[in-house]
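Each chain, letter by letter, is given below.
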Amino acid sequence: MNGAPAPIVVTALFGSEDAAWFERQRRAHFPVAHNQVSAHLTLFHHLPPSIAPELKHRLQAETRGQQAPEAQLGVPYSLGGGVAYGIESPGLATIRTGLADAFAGLLTPQDSTGWRPHVTVQNKVQTAEARRLLAQLTIDFRPRRITIAGFAAWWYHGGPWEMLSRHMFA
């Protein structure tokens with residue numbers, strides 16, 4: 001860990017083909033100056049560093065010997081100044097709810113309110129540019145199955161993230 005304890009971000013990891021596809025989308029549409037991390041699906045934006053051991057234990061318990069939850073690419077939608085693809089996965093939502101319940105008293109308002117799983121492929125652009133991309137992605141959209149391969153926990157230092165742990169499904 002670099003310097004003072006940092007908050008923890010938790011993401012779902014995609015299978016290699018899906019990760020590469022999301023990354024191509026992000027590289028094509030996300031402003032380079034703001035694109036500091038790879039395409040990701042955030043489960044939690046800000047967990048306290050003090051729970052790192054317990055978090056790793058819980059993520060390991062959710063994945064070790066377990067089949068990955070089914071997931072599907074959802075329709076793209078507006079973020080105002082950007083665009084995201086929704087991710088539909090009742091199984092992933094159940095896991096996230098269990099983790100949220102376990103850490104309920106430690107969650108920030110952003111993490112304790114409704115979770116809307118998504119992958120941001122464009123952000124921090126003018127609204128008109130985002131509308132154009134949304135129209136393009138909507139025309140080309142085809143739902144398809146995607147692979148949730150596991151989870152990762154990351155130290156958040158304000159820029160690129162530092163890996164804390166990785167937990168893969170069977």
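Heads up: the structure comes first, above all this text.
The structure reproduced in this document is the subject of the present report.

The rules we used
- Residues numbered from 1 in each chain as written.
- Predicted model: local features only at pLDDT ≥ 70, side-chain atom pairs only at ≥ 80, totals over all residues.
- Heavy atoms only, no water.
- Buried < 20%, exposed > 50% of the residue type's maximum accessible area, 1.4 Å probe, protein only.
- Helix = DSSP H or I, 4+ residues; strand = E, 2+ residues; numbered from the N terminus.
- Pairing = 2+ DSSP bridges.
- Phe/Tyr/Trp six-rings, centres within 6.5 Å; stacked < 30°, edge-to-face > 60°.
- Lys NZ or Arg CZ within 6 Å of the ring centre and 35° of its normal.
- 1 Å grid on protein atoms, 1.4 Å probe; cavity = no way out; pocket = protein on both sides within 12 Å on 5 of 7 lines; lining within 4 Å.
- Points joined across faces, edges and corners; volume = space filled by probe spheres on them.
- Nonpolar A, V, L, I, M, F, W, Y, C, P; charged D, E, K, R; others polar.

Side note on the pairing of strand 5 (residues 118–122)
- Where burial is concerned, most of strand 5 is hidden: four out of the five residues are buried.
- As defined by bridge partners, strand 4 (residues 83–88) adjoins strand 5 across four bridges and the pair is classed as antiparallel. By the bridge assignment, alanine 84 is partnered in strand 5 with threonine 120.

Examining the packing of aromatic side chains
- Here the structure, examined in full by the defined rule, presents six aromatic pairs.
- On the basis of an interplanar angle of 40 degrees and a centroid distance of 4.7 Å, the ring pair of phenylalanine 14 and phenylalanine 22 is categorised as tilted. The pair phenylalanine 14 / phenylalanine 22 is uniform in exposure class, with both members buried.
- A cation sits over an aromatic face here: arginine 26 above phenylalanine 30, 4.1 Å from the ring centre.
- In this structure, arginine 58 packs its charged tip against the face of phenylalanine 103, placed 5.6 Å from the ring centre.

Considerations on the layout of surface pockets
- Within this model, the largest pocket holds a volume of roughly 680 Å³.
- Of all elements in the fold, only strand 2 (41–47), helix 4 (109–112) and strand 5 reach the threshold of two or more residues within the lining of the largest pocket.
- For the lining of the largest pocket, the residue count by class is eleven nonpolar, twelve polar and five charged.
- Within this model, the second largest pocket holds a volume of roughly 300 Å³.
- For the second largest pocket, the lining is made up of 15 residues, of which Leu13, Ser38, Ala39, His40 and Trp154 are closest to its centre.

Any link to function would need more than the numbers given here.
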